[in-house]
Every structure is written in C-alpha cells, then in structure tokens.
Amino acid sequence: MARSVLHNLSTTKIVATFAGATLAAATLVGCTSTDTGSSEDHLQSLRDKGTIAVGFAGEAPYSFEENGQLTGATVALHREIFGKLGIETVEGVNADFGALIPGLQANRFDVVSAGMSILPQRCEQAAFGDPEFNYTTALMVPTGNPARLSDMQSVVDSGLRLATMTGAIESDYADSLGIASTQVATPQDGMDAVTSGRADVFALTAISLNWMKANNPAAPVDVTESFVAEIDGKPQVGAGATVFRTDDTELLAAYNEELAKITSDPAKYLSIVGEFGFTAEELPDPALTTAQLCKGDA
C-alpha cells in the first residue's frame, strides 16, 4: 500500500463526533443505526438481515479503508466468524478511536472492529470478546533514532515530545508516566507529527508502526524494536479483542465459540491475518483471559 493510501486514511476518513448524546457518523455503505432489541433478538435480527455493522478507526493493519473497501486483520476475522454465524456481510462505520465505545453504546454499530486493547476502564463500559491479538508497543522516531529511544521510560528520561493516539493504550502509558503527550486522531497523524517536527516520537502498537513504515519506505522515520511497557515496575501485558455492548451476551458467546476454533489452530489463524503482517508472535496466549485483563490482573 503506497503512502497516498495511508494518507487517505487521514484525509478522507469520515470522522465521528459527538454533540451531547448525538453521534454524527457516516458509513462506507450508509448504515447509521443498529437494532436495539434484546440480546437474543439482536443476534437473530443480524442473521435475518445478513449484515453486521462494525465500528472502525482507520488503523492499519487492523481495520481500515483501502480503495473504498473495508479491510484489515480484524475485518478478516469478522468476515470469517460472522459468516459462520450466518451473517454474510460486514459493513463499516468510521469513527475516531476515542469515539468507538461511545458509538457502540449509542447503537451506531453492532460491534467495534479495531483490535482494541482490553483495559479495566473499558470493560466498565462495554463487553470484550476473547483475546485475538497479543500486543507490544514500539516507537516511531526520526531516521537513525538520534535520541536512542528504546521504550517508554527512555522517552521520559529524554524529555522529548511524544505523540500518542487519542484513546489508545499508549496514551494511558504516557499519563501514568507523567508525559504530556500530544494527542493525534490517526496513525497517519502521528507519523506526520514526527516527520514535520511537531513531535519527536510517536508511540503505538508495534504491528501498526511496522505496517506504516513498510508501506511508506520513503518516509524519514524508523521504528524501534517492540517492547512491553512497564508502569511502576509492572509489565503491561496486553491483548486486543472485539467489543460488544454489555447486554449483547448471546452474540458475544457465539462469536467467542467461533473465535476459539481459529485461535486454537495457528495455521488457520495465520491464513486469515497473516497477509496483514501478523505472525505467530501475535497469536493470543491461551493463559491470558479477558477476565484477567478486565480486572487488571495480567
């Protein structure tokens, strides 16, 4: 994917914003609301329609638009799993990352398809499926990494200007470490902040930053080795998952049942997400559960 494609994720994306309790969202296919009935009725209504609306934030390689089509690793998983559940079509609603859970709560889409990290504060607002991806963090820096940054603590020690994505876990890391980070709406905005000199470093998941660098080879940036962030001496082990409304228990259970058939079979897993740069390193650890991550016990 050329730089122009990734740039379009920033310049052509349809931004979801809130005014009071109203979310103004546009979709790739014109869907603006979802069924709000009971859990059982919702699953059956999705089967009857044959379509599910997923909220996404334009973060490659998880879920993004390319040439007008919704694609990415989480989208590929969703097409496979929801297809098994009798829901053949996956449609997208584009929103800023920080607006995804509010949009889900406002019934603007049925689930969140963004590889969202499972965090206790998020679990208070929505229900997470079982882990789909193991996460590590990396730093995007100017070519040559002149400050020799290696992890979040090195950013603290350097005093350099950090950019993080609004709503992303790296923003939480920055807050915990006392870093006054510049918030950006998209990964492309983060890269632009580094290349323009508005920020010295951009922190995001390693898979996202490596994807951006690979698809923007001329950009004057490098990506550090991935790492597990530490806060107060505790490794921040992370995993991402699909997000459901808290009362959508039947859809969540059905989804998890199909997901387990994929994550328990590495070859099957890689056949779905491998084309998007995911490897066996991202295959979720079966010992790491959503319940643990929601409690902050991981």
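See the structure above.
Residues numbered from 1 in each chain as written. Predicted model: local features only at pLDDT ≥ 70, side-chain atom pairs only at ≥ 80, totals over all residues. Heavy atoms only, no water.

Draft legend 1. Molecular detail of the environment of alanine 114. Structurally, alanine 114 can be placed in strand 7 (residues 111-117). Alanine 114 sits 60 residues away from valine 54 along the chain, and the two C-alpha atoms are 9.0 Å apart. Apart from residues lying up to four places away in sequence, alanine 114 is in contact with Gly55, Tyr62, Ser63, Thr74, Phe97 and Leu100. (Helix = DSSP H or I, 4+ residues; strand = E, 2+ residues; numbered from the N terminus. Contact = heavy atoms within 4.5 Å.)

Draft legend 2. Spotlight on empty space enclosed by the protein. Under the counting rule described, the total for this entry stands at 2 cavities of 30 Å³ or more. Space inside the largest cavity adds up to approximately 100 Å³. Broken down by secondary-structure element, the contributors of at least two residues to the lining of the largest cavity are strand 7, helix 7 (169-176) and strand 13 (201-205). Looking at which element gives the most residues to the lining of the largest cavity, the answer is strand 7, with 4 residues. Grouping the constituent residues of the lining of the largest cavity by class yields 9 nonpolar, 3 polar and 3 charged. Residue lining of the second largest cavity: 14 residues in total, with Tyr135, Thr136, Thr137, Tyr173 and Gln236 positioned closest to the centre. Counting residues per element, the lining of the second largest cavity draws most heavily on helix 7, at 3 residues. Per-class residue counts for the lining of the second largest cavity are 7 nonpolar, 6 polar and 1 charged. (1 Å grid on protein atoms, 1.4 Å probe; cavity = no way out; pocket = protein on both sides within 12 Å on 5 of 7 lines; lining within 4 Å. Points joined across faces, edges and corners; volume = space filled by probe spheres on them. Nonpolar A, V, L, I, M, F, W, Y, C, P; charged D, E, K, R; others polar.)

Draft legend 3. Representation of the nonpolar core within the structure. Grouped together as the largest cluster of nonpolar side chains are 39 residues, with contacts concentrated most on Leu100, Val112, Met116 and Phe202. Those residues in contact with leucine 100 that lie beyond four places of it in its chain are Gly55, Phe56, Ala57, Ala95, Phe109, Val112, Ala114 and Met116. If you look at the next biggest cluster of nonpolar residues, it comprises 37 residues, including Leu46, Ala60, Ala73 and Ile81. (Core = buried A, V, L, I, M, F, W, Y, C linked by side-chain atoms within 4.5 Å. Buried < 20%, exposed > 50% of the residue type's maximum accessible area, 1.4 Å probe, protein only.)

Draft legend 4. Just the sheet that holds strand 10 (residues 137-142), in detail. A sheet is described by the order of its strands in space; here 5 strands give the open sequence 12-11-13-10-14, paired in mixed fashion. Two strands bound the open sheet, and with one partner strand each, they are strand 12 (182-184) and strand 14 (221-223). The average angle at which neighbouring strand axes cross in this sheet is 30 degrees, direction not considered. Here 4 bridges tie strand 10 to strand 13, and the two strands are oriented antiparallel to one another. Counted as the bridge partner of leucine 139 is alanine 203 from strand 13. Set on the sheet, helix 8 (residues 187-196) makes contact with strand 10, strand 11 (162-165), strand 12, strand 13 and strand 14; between it and strand 13 the angle comes to about 155 degrees. Contacting strand 10, strand 13 and strand 14, helix 9 (residues 206-215) crosses the sheet at an angle of about 115 degrees to strand 13. (Pairing = 2+ DSSP bridges. Axes fitted to C-alpha atoms, helices over the stretch in contact; angles between N-to-C directions.)

Draft legend 5. Structural view of the packing of helix 3 (residues 73-84) against helix 10 (residues 249-263). Here helix 3 crosses helix 10 at 115 degrees, and the two axes come no closer than 9 Å. The handedness of the crossing between helix 3 and helix 10 comes out as right-handed. Where helix 3 abuts helix 10, its residues Leu77, His78, Glu80, Ile81, Phe82 and Lys84 lie against Leu251, Tyr255, Glu258, Leu259 and Ile262. By residue class, the composition of the contact of helix 3 with helix 10 is 7 nonpolar, 1 polar and 3 charged. (Left-handed = near helix turned anticlockwise from the far one by under 90°.)

Draft legend 6. Geometry of the packing of aromatic side chains. Taken as a whole, this structure holds 8 aromatic pairs when the rule is applied. The interplanar angle of 70 degrees and the centroid separation of 5.6 Å between the aromatic rings of tyrosine 62 and phenylalanine 278 together place this pair among those described as edge-to-face. Of this pair, tyrosine 62 sits in the loop between strand 3 (51-56) and strand 4 (64-66) while phenylalanine 278 sits in the loop between helix 11 (266-273) and helix 12 (290-295); the two residues are 216 residues apart in sequence, bridging distant segments of the chain. Here tyrosine 62 and phenylalanine 278 have matching classes, each one buried. Centre to centre, the rings of phenylalanine 82 and tyrosine 255 are 5.3 Å apart; their planes meet at 45 degrees, and the pair counts as tilted. Linking phenylalanine 82 in helix 3 with tyrosine 255 in helix 10, this pair joins segments that are 173 residues apart in sequence. (Phe/Tyr/Trp six-rings, centres within 6.5 Å; stacked < 30°, edge-to-face > 60°.)

Draft legend 7. Structural detail: the layout of surface pockets. Considered as a void within the structure, the largest pocket measures approximately 330 Å³ in volume. Taken together, 20 residues form the lining of the largest pocket, with Leu119, Pro120, Ile169, Gln236 and Gly296 sitting closest to its centre. Mapped by element, the contributors of at least two residues to the lining of the largest pocket are helix 5 (120-123), helix 7, strand 16 (234-235) and strand 17 (238-244). Sorting elements by how many residues they give to the lining of the largest pocket places helix 7 first, with 4 residues. Residues of the lining of the largest pocket, tallied by class, amount to 11 nonpolar, 6 polar and 3 charged.

Draft legend 8. Spatial organisation of the pattern of salt bridges. Under the defined criterion, the tally for this structure stands at 3 salt bridges. Lysine 268 is the salt-bridge partner of glutamate 80, the closest N and O atoms lying 3.3 Å from each other. Linking glutamate 80 in helix 3 with lysine 268 in helix 11, this pair joins segments that are 188 residues apart in sequence. Glutamate 80 gets classed as partly exposed once you look at its relative accessible area, which sits at 22%. When its relative accessible area of 31% is taken as the criterion, lysine 268 is described as partly exposed. Across the salt bridge formed by arginine 161 and aspartate 200, the nearest N and O atoms sit 3.1 Å from each other. (Salt bridge = Lys/Arg side-chain N within 4 Å of Asp/Glu carboxyl O.)

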